[in-house]
Amino acid sequence: FSLDSIDDRLVHLTNAAVQKKHPDYKTKGDDSIMSMSDLQSVLEQQGNVSVGWVENVLTPKMQLIAQQVCRAAQSKWIRRRGLFELLGLDFMVDASLTPWLIEVNSNPALWMHSPTQREVLPALIRDTIHLVLEYHQQLALQTAAAASSAAEAAAAVKVTG
């Protein structure tokens with residue numbers, strides 16, 4: 001980065017929609033998106049981290065940031081039964097291996113232009129649907145249990161009253 005290139009959008013940290021306009025994107029574009037396992041491999045090869053660092057150190061830090069973002073925005077969300085929001089959180093890791101949240105996207109793009117996206121996104125969708133269905137099943141069980149307890153309490157009042 002240099003102030004001399006401030007008007008060149010392609011030299012700044014940007015998303016894939018902007019980077020696709022770079023002349024080298026067709027040959028190097030797949031390298032711009034990396035899976036967590038690929039990141040682990042690269043960092044290990046460079047001698048920067050030990051085995052399992054991404055899963056045991058980086059991922060928990062990113063999850064903590066995601067939780068903080070959700071807590072901060074919680075009052076702005078409208079909760080409706082049967083609906084959910086998928087958020088896309090973009091992170092970068094600096095030279096000291098500190099994760100930084102770049103942006104949060106509602107309705108993130110789910111295009112599968114790169115091998116990494118073709119690997120990661122179907123699993124993301126599967127896991128998201130599984131979580132949503134599991135949550136709604138638990139909610140239904142809680143609602144049924146509460147209704148049953150209320151009915152039992154009403155019957156007990158009727159019998160004793």
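Source: prediction; values computed, not measured. (Residues numbered from 1 in each chain as written. Predicted model: local features only at pLDDT ≥ 70, side-chain atom pairs only at ≥ 80, totals over all residues. Heavy atoms only, no water.)

Participant: Please explain the overall build of the chain as it appears in this structure.
Facilitator: Of the regular secondary structure elements, the chain holds five helices and two strands. Going residue by residue from the N terminus, the α and β elements of the chain occur as α-α-α-α-β-β-α. In the chain, which comprises 161 residues, the proportion classed as buried is 16%. Sequence-distant contacts in the chain: of pairs separated by 6 or more residues, those separated by 24 or more amount to 34%. When the accessible surface of the chain is summed, it comes to about 12,400 Å², and 58% of that surface belongs to carbon and sulfur atoms. (Helix = DSSP H or I, 4+ residues; strand = E, 2+ residues; numbered from the N terminus. Buried < 20%, exposed > 50% of the residue type's maximum accessible area, 1.4 Å probe, protein only. Contact = heavy atoms within 4.5 Å. Areas by Shrake-Rupley, 256 points an atom, 1.4 Å probe, with all protein chains shown as cover.)

Participant: Can you help me understand a nonpolar patch on the surface in this one?
Facilitator: Taken together, the side chains of Leu 110, Leu 124, Ile 125, Ile 129 and Leu 133 make up a nonpolar region of the molecular surface, amounting to roughly 400 Å² of accessible area. Examined against the element boundaries, Ile 129 turns out to sit in helix 5 (residues 115-160). (Patch = residues over 30% accessible without salt bridge, like charges linked within 9 Å, V, L, I, M, F, W, Y side chains within 5 Å. Salt bridge = Lys/Arg side-chain N within 4 Å of Asp/Glu carboxyl O.)

Participant: Honestly, the nonpolar core in this entry has me stumped. Any pointers?
Facilitator: Across soluble globular proteins, nonpolar side chains have a tendency to be buried as a group. In terms of nonpolar packing, the biggest core is built from eight residues, these being Leu 39, Leu 43, Val 49, Trp 53, Val 54, Leu 58, Met 62 and Leu 97. Those elements that provide at least two residues to this core are helix 3 (36-45) and helix 4 (53-73). Broken down by element, the residue count for this core peaks at four residues, all from helix 4. Contact partners of Val 54, with chain neighbours within four places excluded, come to Met 36, Leu 39, Gln 40, Thr 59 and Pro 60. (Core = buried A, V, L, I, M, F, W, Y, C linked by side-chain atoms within 4.5 Å.)

Participant: Would you take a moment to explain the environment of Trp 111 for this structure?
Facilitator: When you line up the elements, Trp 111 lands in the loop between strand 2 (99-106) and helix 5. Separated by ten residues in the primary sequence, Trp 111 and Leu 121 have C-alpha atoms spaced 8.4 Å apart. Those residues in contact with Trp 111 that sit more than four places away from it in its chain are Gln 117 and Leu 121.

Participant: Looking at this structure, I do not really get unusual backbone geometry. What am I missing?
Facilitator: Apart from glycine, the bulk of residues carry a negative phi angle, and the bulk of peptide bonds sit in the trans form. Residue Leu 97 is not a glycine yet carries a positive backbone phi of 65°. Of note, Leu 97 is situated in the loop between strand 1 (87-93) and strand 2. Judged by relative accessible area, Leu 97 falls into the buried class, the value being 16%. Positive phi, close to 50°, is recorded for Asn 107, a residue that is not glycine. Within the element layout of this structure, Asn 107 appears in the loop between strand 2 and helix 5. A residue is classified by how much of its surface remains accessible, and Asn 107, at 63% relative accessible area, is exposed.

Participant: Even after reading the chapter, I still don't get the environment of Ala 17, so can you show me in this structure?
Facilitator: By the secondary structure assignment, Ala 17 is in helix 1 (residues 16-19). Since its relative accessible area comes to 40%, Ala 17 is described here as partly exposed.

Participant: Help me out: how do you make sense of helix 3 in this one?
Facilitator: Side chains that are three or four residues apart share a direction in an α-helix, a result of its 3.6 residues per turn. Where helix 3 is concerned, the buried positions are Leu 39, Gln 40 and Leu 43. Down the axis of helix 3, the smallest arc covering the buried residues is 100°, so these residues share one side. After helix 3 finishes, the residue Gly 47 shows a positive phi value of roughly 75°. (Arc of directions from axis to C-beta.)

Participant: What is the right way to look at the confidence of the model for the chain in this model?
Facilitator: Should the pLDDT be low somewhere, the predicted coordinates at that spot are not to be read in detail. Averaged over all residues, the pLDDT of the chain equals 85, while 87% of them reach at least 70. Here helix 1 stands out as the least confident element of the chain, with mean pLDDT 71; helix 4 is the most confident, with 97. (pLDDT = per-residue confidence, 0-100.)

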